[in-house]
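An overview of the molecular structure
So you can see what is in the structure, the chains are spelled out below.
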Amino acid sequence: MLSRASLAVAAVTGAGVVLAAGAQPARADDVRGVQQPVIDTLELPKAWRTSKGAGVTVAVLDSGVDPEHRDLAGSVTVGRDFTAGANPPGVPPRRLHGTYMASLIAGHGHGPGGGRGVIGVAPEAEVLSVRVILEDEEPGFVRFNTARRFENVVARGIRYAVDRGAHVINMSISKELATREERAAVRYAISRGVVLVAAAGNEGAGDERAGDERAGRARRAGLDPYSYPAAFPGVVSVGATDRRLRRATFSNGNASVLLAAPGVDIMGAGPGDAYWVGQGTSQATALVSGVAALIKAKYPDMSPPLVGQALAAGATDRPPGGYDTGTGFGVVNAARALAEARRLARHTETATGEPAQDPAAPVGAGSRGPIAVVARDHTAVTVYGTVAAAATAGALTSLASMYVLVRRVRRAHGSHEA
């Protein structure tokens, strides 16, 4: 089943923020205050001196984005709805989860100087909304998750986003089983230089303190379920941390996790100028996608593997030993990731040319034939050829000398016996 990767979303109506039962509504300009811990953790003010994401498009593969929200207005292009036909005719998409994620990535706030409302990690980035999931509450949810024709909506959504110029694809979604089409779509995106970021999932093993000893052992061993598309090679898989920047109890821990981001009590926007507070690897994923957008804006030609390396190398709060299956290489830091990207910008890790890779072919596919030599250093060939010829001549001379010496020794020995 394909689902969003958020938990416990608290509704926020109008200009108020409902953080807990009985709490007093907050003013719209208090939203930024609730966001401040995340802003500080990612060192966004320092990062924004280098990049704010201008010129980059982030595709949000989700439940749809409200383009009219005041914190996103002018930044959203509504793309294709791959869930069409799942809901009954005339039922509009709710676009709750997708709007929430888009605001964390590219929210630009509103009011004087954009000082009110949600500010995203990459506030000058553009959003391409691609609908590939339904909200749990939508009437077509069960049909969408059982009908065969919707099985590969994520694969189709990835290809659609790539073909329409996305630089980063955010997938705050998860499913248990992968398909061949999804794997091929991931390879297609990476081959086109598109960075893929996905949620590690919220099925983390239970807490042994709650009496689930077996689940506790599984968690410590890093045996939580794998989630797709996050677990595909080449996808940046993101776990969630709590307010202490430790692995959140719900966040999947397995070897696919590259790094983590804050995922508890995260403020975001909802349709109709609403705001939300929630938790999940969805929110953590959106924050990392925003950092990837900052990198791609500054270094547009940087390959996805190097963007992933910059994200990991720039992480803070690293676990003992440098890596674990809960938070990967640590907690994302936008300023440090940009500094690492600057160091890596002159390098490449992507082979070029048609024989190098076929995005649609399985890994290990047979060769298409001999690889043509496109450049030849004639000077080096002459030098090494001369050295090789001289070495060969020397070896033959040595053998000849040894042969003559052996014959002389044998003759002398024969004369002595006579």
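Everything in this summary refers to the structure shown in the same document.

So, how was this worked out
- Residues numbered from 1 in each chain as written.
- Predicted model: local features only at pLDDT ≥ 70, side-chain atom pairs only at ≥ 80, totals over all residues.
- Heavy atoms only, no water.
- Helix = DSSP H or I, 4+ residues; strand = E, 2+ residues; numbered from the N terminus.
- Polar contact = N/O pair within 3.5 Å; in protein donor to acceptor, adjacent residues only side chain to side chain.
- Contact = heavy atoms within 4.5 Å.
- Axes fitted to C-alpha atoms, helices over the stretch in contact; angles between N-to-C directions.
- Parallel < 35°, antiparallel > 145°, perpendicular 65-115°, else oblique.
- Left-handed = near helix turned anticlockwise from the far one by under 90°.
- Phe/Tyr/Trp six-rings, centres within 6.5 Å; stacked < 30°, edge-to-face > 60°.
- Buried < 20%, exposed > 50% of the residue type's maximum accessible area, 1.4 Å probe, protein only.
- Lys NZ or Arg CZ within 6 Å of the ring centre and 35° of its normal.
- Salt bridge = Lys/Arg side-chain N within 4 Å of Asp/Glu carboxyl O.
- Pairing = 2+ DSSP bridges.

For Asn252, the location among the structural elements is in the loop between β11 (236-241) and β12 (257-262). A polar contact is formed between the side chain of Asn252 and the backbone nitrogen of Glu203, at a distance of 2.8 Å. There is a polar contact of 3.0 Å between the side chain of Asn252 and the backbone oxygen of Pro225. Those residues within four positions of Asn252 in sequence are excluded, and the remaining contacts are Ala200, Gly201, Asn202, Glu203, Gly204, Asp224, Pro225, Ser227, Arg247, Val257, Thr325 and Gly326.

Right, let's get into the packing of helix α5 (residues 153-163) against helix α6 (residues 180-191). Packed helices, taken two at a time, are described by their axes: the angle between them and the distance between them. Contact pair α5 / α6: the axes reach a minimum separation of 8 Å and the direction vectors enclose 15°. If you check the angle between α5 and α6, you find them roughly parallel. With respect to the hand of their crossing, α5 and α6 are arranged in left-handed fashion. The segment α5 lies against α6, with Val154, Ala155, Ile158, Arg159, Val162 and Asp163 engaging Glu181, Glu182, Ala184, Ala185, Val186, Tyr188 and Ala189.

It is worth spelling out the packing of aromatic side chains at this point. Summed over the entire model, instances satisfying the criterion amount to four aromatic pairs. Ring centres 5.2 Å apart and planes at 45° place the aromatic pair Phe144 and Phe150 in the tilted group. Phe150 shares its class with Phe144; the two are buried. Positioned above the aromatic ring of Tyr188, the side-chain terminus of Arg159 is 4.7 Å from the ring centre.

Burial of helix α9 (residues 304-313) is extensive: seven of the 10 residues sit out of reach of the surface. When we look at burial in α9, the residues that qualify are Pro304, Leu306, Val307, Gly308, Ala310, Leu311 and Ala312.

Looking now at helix α3 (residues 96-106). Each turn of an α-helix holds 3.6 residues, which means side chains three or four residues apart point in the same direction. For α3, the buried fraction is high: 11 of the 11 residues fall into the buried class. Buried within α3 are the following residues: Leu96, His97, Gly98, Thr99, Tyr100, Met101, Ala102, Ser103, Leu104, Ile105 and Ala106.

Let us now look at the pattern of salt bridges. With the rule as written, the count across this model stands at eight salt bridges. In this structure, Asp66 and Arg95 form a salt bridge, with 3.9 Å as the shortest nitrogen-oxygen distance. Taken together, the residues span a long stretch of sequence, with Asp66 in the loop between β3 (57-62) and β4 (76-81) and Arg95 in the loop between β4 and α3 at a distance of 29 residues. Residues Glu137 and Arg94 are paired through a salt bridge, measuring 3.9 Å at the closest nitrogen-oxygen approach. Here Glu137 is found in the loop between β7 (126-131) and α4 (141-146), whereas its partner Arg94 is found in the loop between β4 and α3, with 43 residues between them in sequence. Classification of Glu137 by relative accessible area gives partly exposed; the value is 44%. One salt-bridge network, held together by shared partners, links Asp81, Arg131 and Glu138.

On to the pairing of β3. The buried fraction of β3 is high, at six of six residues. In β3, alternate side chains face the same way, and those of Thr57, Ala59 and Leu61 on one face and Val58, Val60 and Asp62 on the other are all buried. Bridge count for β3 against β7 is six bridges, and the pairing is parallel. Its bridge partner being in β7, Val58 is matched across the sheet by Val127. As judged from the three bridges shared by β3 and strand β8 (residues 168-171), these two strands associate in the parallel manner. Bridge pairing in β8 links Ala59 to Ile169.

What follows covers the sheet that holds β11. To summarise the sheet geometry, strands pair through backbone hydrogen bonds and adopt either a parallel or an antiparallel arrangement. Sheet architecture is open: seven strands sit in the order β4-β7-β3-β8-β10-β11-β12, paired in parallel fashion. Among the strands making up the open sheet, the edge pair consists of β4 and β12. Looking at each pair of strands side by side, their axes are set apart by 25° on average, direction ignored. Alignment of β4 against β7, held across four bridges, turns out to be parallel. Bridging across to β7, Asp81 finds its partner in Arg131. Each of β10 (195-199), β11 and β12 touches α9; the most contacted strand, β12, lies at about 55° to it.

With an omega of 10°, the peptide bond between Tyr228 and Pro229 qualifies as cis. Even without glycine at this site, Glu43 takes up a positive phi of about 50°. Tracing the backbone shows Glu43 in the loop between α1 (31-41) and α2 (44-48). Residues other than glycine seldom take positive phi values, yet Asp273 does so here, at roughly 60°. You can see Asp273 is positioned in the loop between β13 (266-270) and β14 (274-279).

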